[in-house]
6 protein chains.
Amino acid sequence: MFYHVKELQYRSKPDCPDPVYAKKLQEVLGGQFGEISVALQYLFQGWNTRGDGKYRDLLMDTGTEELAHIEMLATMIARLLDGAPDVELDEAAQNPVIAAILGGSNPQHAIVSGLGAMPADSVGNRWTADYIIASGNLLADFRANLNAESQGRLQVCRLYEMTDDRGVKDMLSWLIARDTMHQNQWVAAIAELEAKENIVVPSTFPRELEKQEVAYTLFNLSAGNASAAGRWASGPSMDGCGVFNYVEHPVPFGKKPKLNPAPPYIFDTPLAALRGPEDYPDPSMK
Amino acid sequence: MFYHVKELQYRSKPDCPDPVYAKKLQEVLGGQFGEISVALQYLFQGWNTRGDGKYRDLLMDTGTEELAHIEMLATMIARLLDGAPDVELDEAAQNPVIAAILGGSNPQHAIVSGLGAMPADSVGNRWTADYIIASGNLLADFRANLNAESQGRLQVCRLYEMTDDRGVKDMLSWLIARDTMHQNQWVAAIAELEAKENIVVPSTFPRELEKQEVAYTLFNLSAGNASAAGRWASGPSMDGCGVFNYVEHPVPFGKKPKLNPAPPYIFDTPLAALRGPEDYPDPSMK
Amino acid sequence: MFYHVKELQYRSKPDCPDPVYAKKLQEVLGGQFGEISVALQYLFQGWNTRGDGKYRDLLMDTGTEELAHIEMLATMIARLLDGAPDVELDEAAQNPVIAAILGGSNPQHAIVSGLGAMPADSVGNRWTADYIIASGNLLADFRANLNAESQGRLQVCRLYEMTDDRGVKDMLSWLIARDTMHQNQWVAAIAELEAKENIVVPSTFPRELEKQEVAYTLFNLSAGNASAAGRWASGPSMDGCGVFNYVEHPVPFGKKPKLNPAPPYIFDTPLAALRGPEDYPDPSMK
Amino acid sequence: MFYHVKELQYRSKPDCPDPVYAKKLQEVLGGQFGEISVALQYLFQGWNTRGDGKYRDLLMDTGTEELAHIEMLATMIARLLDGAPDVELDEAAQNPVIAAILGGSNPQHAIVSGLGAMPADSVGNRWTADYIIASGNLLADFRANLNAESQGRLQVCRLYEMTDDRGVKDMLSWLIARDTMHQNQWVAAIAELEAKENIVVPSTFPRELEKQEVAYTLFNLSAGNASAAGRWASGPSMDGCGVFNYVEHPVPFGKKPKLNPAPPYIFDTPLAALRGPEDYPDPSMK
Amino acid sequence: MFYHVKELQYRSKPDCPDPVYAKKLQEVLGGQFGEISVALQYLFQGWNTRGDGKYRDLLMDTGTEELAHIEMLATMIARLLDGAPDVELDEAAQNPVIAAILGGSNPQHAIVSGLGAMPADSVGNRWTADYIIASGNLLADFRANLNAESQGRLQVCRLYEMTDDRGVKDMLSWLIARDTMHQNQWVAAIAELEAKENIVVPSTFPRELEKQEVAYTLFNLSAGNASAAGRWASGPSMDGCGVFNYVEHPVPFGKKPKLNPAPPYIFDTPLAALRGPEDYPDPSMK
Amino acid sequence: MFYHVKELQYRSKPDCPDPVYAKKLQEVLGGQFGEISVALQYLFQGWNTRGDGKYRDLLMDTGTEELAHIEMLATMIARLLDGAPDVELDEAAQNPVIAAILGGSNPQHAIVSGLGAMPADSVGNRWTADYIIASGNLLADFRANLNAESQGRLQVCRLYEMTDDRGVKDMLSWLIARDTMHQNQWVAAIAELEAKENIVVPSTFPRELEKQEVAYTLFNLSAGNASAAGRWASGPSMDGCGVFNYVEHPVPFGKKPKLNPAPPYIFDTPLAALRGPEDYPDPSMK
């Protein structure tokens, strides 16, 4: 159960409105690695954790914080849209800034949301739960989280460089710092679990049931041997259970597949049309 | 540029058709962490790598292999659908297996794809590029890759348990082994990059520009202190640049936001309607 | 900014696991009118309200409560999936319940979420922000909210009838009651705003700028006069600004459109191909 | 069954082409509350009405009219794109209007649709049936319709302000007037049904089966009491069946949930990894 | 502008309800090649035709008919859902038909649409305008139409085989016949345009501007020469402008690409991390 | 199974960077008819072909080539984004080219992909498998392929006109030529199959089971007789099995449908509310 206070976790006020930047900033609110994604990803992982304890609590702590970040970004975007000018094409002739606003702002910020933030990314794609995961396996999921915080901080840093507004930069410097913490925290949680489980997810699948002969092999399927120079191509494997090896000229292990014809009620191409003696001589299919 | 040979990387033939399992197996072909996702994710990362060398080659090697896995799964699914029965509701009264097939198979396998595999997941959602990322920052992206291989192997292991078909299990044991390699390989590549860049992505953003006072802080935003027991709550941070600290009772740093009214041409709720003296007494907004 | 407590707003525990019902219950968690939709719709409306006061507070109160409902449903679904059986097609021959589970459960609950709730609806469509709206005009948005609570309560009532589990019914009876309140509350808020603004949204667009001669007209475009019997076809209009009238045989007010040909660099069908003297005799286009 | 005449319901001809405005106008053709949405929403509601009579007829009348509005907007957009210039980046240096066109127009209007309208919104999202509803409960659905007409008229009014073209404004003034009628008409239909059913949807669910003790309660979950000032917080409820009450300090009614561990074939995090004595001391889970 | 009559183009009444078949039949209502797709595809093509005449009229004739087919299918699906039973998991033990209904029906038909048809396909994916095209080039678009009618008739034929209900089969036999006409009609229209424009779309792009040396070449990129046996590998090309030729061992025409590093404000992997002397020796990149 | 070589099928290097054109060029990489679509469409068709021989080989040859085209376009886009400038709104005042870049470039090319190509179209919609088809019926599918190559070549030709960059034009002239081949090739394959199967798909459905009386009829459902002038309205049908006929005044063959009321557990509008004696007098429903 949640409680809300009206105060923001951190201040969120630009020096000046800028509808073009408002459009860009949507990316880290409603994009693939925006705050909606991390909030819902962590909360669903927390709710689905089968077992109580520190991991569930950590997920709920962090997911709840991300809700506050959604709020900060929504507030910032609404303020960047403050008094967004009502511009038309013929005005652009007089003023290139008008031209930039006409092209660089998101028309839905005026038409749809009435100068409010939207649950969408910087090109207007609406947020979708396709972006998130909660698998029930925490080592897998913490890796998803570390990725999300890495991509997220990367995007915020790029956005930091795209503006001179001190108010915006001030808020972004908060988010960047929090992503530093969150990367550190997931690295720490991953280290704990890897110490208990080793590195291969899931750890409980019996190793003898996989094809162990190819479990540490790099197949050189793109011509050129540059990849043979990496740590992954020789020496003990990272999980300590095997030895990396490199196959320079990989060959198929399987055969050419032949599918049986479909039954008539499927109305696939009839065999008679599919082949003639000249083009389909394989006797096994006759 | 690519070349194709007709032989499969590994054999892909079930002992018996099973349209219900065919539906489930779609998850690791066309789902969020299926083979289409990893193939296109690695290839796009490779094509976008700005710089040549072993990482680009590794991405192209692995992405090219994943194309072969799409092929193996597509072949397996087509064979699981072989001669899929044409069943109707009234037949279910006689035979619970008919009932299971009616409910548990994907009707699009008959109606749309004519007993072929589809670029879709186990409930029929079509594959979307929302699932993948290529950011230009390889440390971030290798973490995405490690996550994808972790989620992918987890799903294949779950599917392994859902069938007794020896042919299916044989092929899955190949995919599980390859995911073991791919997890090991991304761990190795991540270790290399972390050794050069430290762990926080992106490494090149100046640390003094973030709010360093909250860069190693865990805010206890979900009641209960279980999360204080983890490695992430005290001691030196994982990046070696700070000390973790834990804030048991976090408070807002910002103020309650107040947004300015919208201009008239936006037709938001008029201020006169939004408030009356009784319900909006705050003098600062008058 | 938000705070979380571990306790649920209301208890959420089924008497027995039931993976088939778990799939259905997803509808009111992650479907078009599920709890994710109302939570994010109200929060975005609150964050975007330009002006402070009771409406913003009401939105934040209610949006925050809906987060608790997401949590209750996620918990319930995880428990309905408890110990979900690992069933295969050949087992269905022995037991029709196995057949029902094979067909009626969501395979992603096992393969993807590891027996956890998903941000998806009852057929597996992932939640999308296409479902929600925050327009900046509160009268419009409260109507969206009243609709959402109406559809939501309707769906929960239908789900109430689909189970005999007392634990599930107990929780649903909580959600149904809360939707009763929320319908009442949006009706009340709408009544307040309509009293100030009249009923047509937006109220501030000058009436003389619309084609007033058709602002209260019902065009009978589907043969048969049944619709002439309603309140909307005669008498004073609901906004008190006009008189309803009914046009039994509506005719076009406009002309047949003719579009100019496209410029050559668009490579549309060339005019010469588009027409010949025989099939395009209209002189006005020559 | 439908018949088409070539004449438009109302004229749809701009004074001048304007590809930037064409992009914006797409919102009310193919956006969330555009004409495709209302047309298909009303038609599906009509087709699904179980019972004949005036409501079904009204839905078919209005849905059929909305098809004509799609046609008018498609025609207008094609004409706004007439002779759309073929501009390149280096030409922008000479002319800010070129810059505005390069940025503000939708490239798919040239590349994909060949200067034709698209079933998409103002940022290019393709129309999706996620936008619409037909629930079988007409009171619920008429509320959806009133919302759609409110959002739709709001968006058209905003678009009216974004152009000086008299031809465009003339057509929009038609659509605005029709939305005035449609808002009035759904208000009238809702009033009729509410008079018969009272206001809570669905009306036929037995009230004693819901948790009546919280059916008229406002929980103050966002700090601050501004919402206590509204009609919804005290006095008789809008449905006349209860009394509103306000809970200033809401507390959880449920307990902290604990989920059982998953079975081994799900490969969730193993319990041994999930906890240690130090971080998981709760005896009830041992 | 459109007019509607209440009578159906053809009768649409099953002998018996069948919720499992109702789910399947959704495919040809709201699926990729269902009636919504062809209706909106033809109407948008018609509205966007730049030029009047017989092609535009044909598109409007056919698009208007498809609206009637949506109506027939919506009616049929609602009737197949008539009195859909309210079944629960424990009842399946008694009756395999219950098991089949639990698994094989679409839960949204009860929970969301209240026993009405939905704008969705047979697995519940909502209809999306991603399915359709109107390019402004009629030869291209008529090929899209011929494809749509081919896929559509194929799916209806498959559905015809999946039921014994005479009422359903009767209606499907209407749709199959209409698809026969529509395939014939688009073939005729294509033949007309090909006679005027030759077969390559677009016909107005100057042939000398394409790389003519590879305009009739089949590259054998999948090992094995079976494809060399086809009409497309030798002899005069179908457009009469060239001669087909077959390249058994295709080689790259381009070079290995090298991308320049990104500027610092993009925060891609730094060059220093990307390479070391050992793994990136190419002097051209130093 | 696939092999990759680092060399491109054809060179892919612009004379100059141009981020605005990079955005546009995305259409033919990740749009509805871009290279991802044709690659995956052909490969899935190939893998699903039930029967071996020249058609399967042709599909694999061509699908494999399209992978090389994805690679060429990804490389070109990355190079068009080379050193993309970091521009802000206030700089636009000085330079209309800045304004054009601000508006005309895709912000995700900087924020998300770090100056790399994306699996998305020219307005940022991510690629989706909704775009493709593999039905198991090759005549149907080759028509889909011919359409895809027609739309694809059309789009590339339009893009060719939108740039003066000789490097870009050089690469596009390769793609245009390949699309010429691919159109020719699918026309040839279609001709072969039509010679064996006649033109109506599927060819194996018994003609006597369709309503033959309307299998060659054009219904004039859009007023005006222009469409009567076409080849499709009179004379022998294209399949040689019938005679086209034209119905100037088509009438319904079916009756007005009446749906039965829903059972109470569906909570649709109650009949008592749906009708009164005055508005629902039809005795057949009482």
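How each quantity is defined
Residues numbered from 1 in each chain as written. Chains lettered and ligands numbered in written order. Predicted model: local features only at pLDDT ≥ 70, side-chain atom pairs only at ≥ 80, totals over all residues. Heavy atoms only, no water. UniProt positions renumbered as here; feature names shortened; annotations may be inferred. Helix = DSSP H or I, 4+ residues; strand = E, 2+ residues; numbered from the N terminus. Rg over C-alpha atoms; globule rule 2.2 N^0.38 Å. Buried < 20%, exposed > 50% of the residue type's maximum accessible area, 1.4 Å probe, protein only. Contact = heavy atoms within 4.5 Å. Lys, Arg positive; Asp, Glu negative; His and termini not counted. Charge placed at Lys NZ, Arg CZ, Asp CG, Glu CD. Buried area = accessible area lost by both parts, 1.4 Å probe. Salt bridge = Lys/Arg side-chain N within 4 Å of Asp/Glu carboxyl O. Polar contact = N/O pair within 3.5 Å; in protein donor to acceptor, adjacent residues only side chain to side chain. Nonpolar A, V, L, I, M, F, W, Y, C, P; charged D, E, K, R; others polar. Least-squares fit on C-alpha atoms with pLDDT ≥ 70 in both. pLDDT = per-residue confidence, 0-100. Pairing = 2+ DSSP bridges. Axes fitted to C-alpha atoms, helices over the stretch in contact; angles between N-to-C directions. Expected span 1.5 Å × (residues − 1). Domains from an automatic or database assignment.

In the nomenclature of an unreviewed UniProt entry, chain A is known as Mn-containing catalase of Sediminibacillus albus. Per its UniProt entry, chain A bears the Sequence similarities (unreviewed entry) comment "Belongs to the manganese catalase family."

### Some thoughts on the overall build of chain A
The number of helices and strands found in chain A is 9 helices and 4 strands. Moving toward the C terminus, one meets the helices and strands of chain A in the order β-α-α-α-α-α-α-α-α-β-β-β-α. The C-alpha radius of gyration of chain A comes to 27 Å, more than 25% above the 19 Å expected for a compact globule of 286 residues. The dimensions of chain A, computed from C-alpha atoms along their principal axes, are 75 × 55 × 45 Å. Counting only residues that meet the buried cut, chain A has 75% of its 286 residues in that class. In chain A, 73% of the contacts between residues at least 6 apart in sequence involve partners at least 24 apart. In chain A, 25 positive and 37 negative side-chain charges are present, and the distance between their average locations comes to 6 Å.

### A few points about the interface of chain B and chain A
Counting residues at the interface gives 111 residues for chain B, matched by 111 residues for chain A. Of the roughly 9,300 Å² buried where chain B meets chain A, counting both sides, 62% is carbon and sulfur surface. Contact with chain A buries surface across chain B, with N184, K211 and W232 of chain B losing the most and accounting together for 7% of the total. Linking chain B with chain A are 4 salt bridges, by the criterion used here. In this structure, D170 of chain A and K211 of chain B form a salt bridge, with 2.9 Å as the shortest nitrogen-oxygen distance. On inspection of chain B and its partner chain A, the count reaches 66 residue pairs in polar contact (both at pLDDT 80 or more). Within the residue set of the side of chain B that touches chain A, elements represented by two or more residues are α4 (54-80), α7 (138-161), α8 (166-197) and β2 (217-219) of chain B. The element that contributes the greatest number of residues to the side of chain B that touches chain A is α8 of chain B, accounting for 16 residues. Of the residues in the side of chain B that touches chain A, the class split is 55 nonpolar, 28 polar and 28 charged.

### Some details on the relation of the copies chain B and chain A
Relating one copy of the chain to the other requires a rotation about an axis plus a shift along that axis. After a rotation of 180° and a shift along the axis of 0.0 Å, chain B superposes on chain A with an RMSD of 0.0 Å. On the angle and the small slide along the axis, the relation comes out as a two-fold axis. Interface overlap between copies: 100% of the residues of chain B at the interface are likewise at the interface in chain A, consistent with a symmetric, same-surface contact.

### Details of the side chain of T269 of chain E
Here T269 of chain E is to be found in the loop between β4 (243-247) and α9 (271-274). Residue class for T269 of chain E comes out buried when judged on its relative accessible area of 9%. A distance of 2.5 Å separates the side chain of T269 of chain E from the backbone nitrogen of L138 of chain B, its partner in a polar contact. Among all residues touching T269 of chain E, those that are not within four sequence positions of it are G136, N137, L138, L139, L193 and E197 of chain B together with L274 of chain E.

### Remarks on the UniProt feature "binding site: Ca(2+)" (unreviewed entry) in chain A
With numbering matched to this structure, UniProt assigns "binding site: Ca(2+)" (unreviewed entry) to D57, D61, N220, S222 and G224 of chain A. For the residues just named, distributed over 168 residues, the greatest C-alpha separation reaches 47.9 Å, placing them at more than one site. For N220 of chain A, the location among the structural elements is in the loop between β2 (217-219) and β3 (235-236). N220 of chain A gets classed as buried once you look at its relative accessible area, which sits at 7%. N220 of chain A has contacts with N225, S227, Y246, V247, E248 and P250 of chain A together with D57 and D61 of chain B, leaving out every residue within four places of it along the chain. Turning to its location among the elements, G224 of chain A is positioned in the loop between β2 and β3.

### Overview of the UniProt feature "binding site: Mn(2+) 2" (unreviewed entry) in chain A
All names here are of chain A. Look at the UniProt record and you will see "binding site: Mn(2+) 2" (unreviewed entry) annotated at E66. Along the chain, E66 turns up in helix α4 (residues 54-80). Those residues in contact with E66 that sit more than four places away from it in its chain are E35, V38, A39, Y42, E149 and H182.

### Some points on the interface of chain B and chain F
Counting residues at the interface gives 45 residues for chain B, matched by 45 residues for chain F. Of the roughly 3,900 Å² buried between chain B and chain F on both sides combined, carbon and sulfur atoms contribute 62%. Taken as a group, M1, W47 and R50 of chain B account for 18% of the area that chain B buries against chain F, more than any other trio of residues on that side. Linking chain B with chain F are 4 salt bridges. The salt bridge involving D82 of chain B is made with R50 of chain F; its shortest N-O contact spans 2.6 Å. Where chain B meets chain F, there are 22 residue pairs in polar contact (both at pLDDT 80 or more). Listed by contribution, the elements that provide at least two residues to the side of chain B that touches chain F are β1 (2-4), α3 (35-48) and α4 of chain B. With 10 residues, the single largest contributor to the side of chain B that touches chain F is α4 of chain B. For the side of chain B that touches chain F, the class distribution of residues is 26 nonpolar, 10 polar and 9 charged.

### What about the confidence of the model for chain A?
Model confidence for chain A is summarised by a mean pLDDT of 94, while 96% of its residues fall at 70 or above. Per-residue pLDDT stays below 50 along residues 277-286 of chain A; that stretch engages in 21 contacts with residues further than four places along the chain or on separate chains.

### Looking at the pattern of salt bridges
What the rule picks out here adds up to 72 salt bridges over all chains. E210 of chain A is the salt-bridge partner of R153 of chain B, the closest N and O atoms lying 3.0 Å from each other. Residue R153 of chain B is located in helix α7, and its partner E210 of chain A is located in the loop between α8 (166-197) and β2; the two belong to separate chains. E210 of chain A shares its class with R153 of chain B; the two are buried.

### Some points on the sheet that holds strand β4 (residues 243-247) of chain D
If you walk across this open sheet you meet the 3 strands as β2-β4-β3 (chain D), and the pairing is mixed. Of all strands in the sheet, those with a lone pairing partner are β2 (217-219) and β3 (235-236) of chain D, marking the two edges. Summarising the sheet, β3 of chain D and β4 of chain D pair through 2 bridges and their orientation is antiparallel. Opposite P236 of chain D, over in β4 of chain D, you have V243 of chain D as the bridge partner. Across the sheet, helix α8 (residues 166-197) of chain C touches β2 and β4 of chain D, and the angle it forms with β2 of chain D is around 90°.

### Brief notes about helix α7 (residues 138-161) of chain A
All names here are of chain A. Between the first and last C-alpha of α7 there are 34 Å, a value that for 24 residues agrees with the 34 Å anticipated at 1.5 Å per step. Across the 24 residues that make up α7, a large majority, 23, are buried. The N-cap residue of α7 is N137: its side-chain oxygen and the backbone nitrogen of L139 are 3.2 Å apart.

### Considering the domain arrangement of chain A
Here chain A is described as being made up of domain 1 (19-197) and domain 2 (207-286). Just the C-alpha atoms count here: the centres of domain 1 of chain A and domain 2 of chain A sit 40 Å apart.

### Remarks on the environment of W232 of chain D
For W232 of chain D, the position within the fold is in the loop between β2 and β3. Once the C-alpha coordinates of W232 of chain D and N106 of chain D are considered, the two residues, 126 residues apart in sequence, prove to be 45 Å apart. Dropping the residues within four chain positions of it, W232 of chain D is found in contact with K54, Y55, L58, M181, Q185, A188, A189 and E192 of chain C together with L218, S227 and F244 of chain D. A distance of 2.8 Å separates a polar atom in the side chain of W232 of chain D from the backbone oxygen of S227 of chain D.

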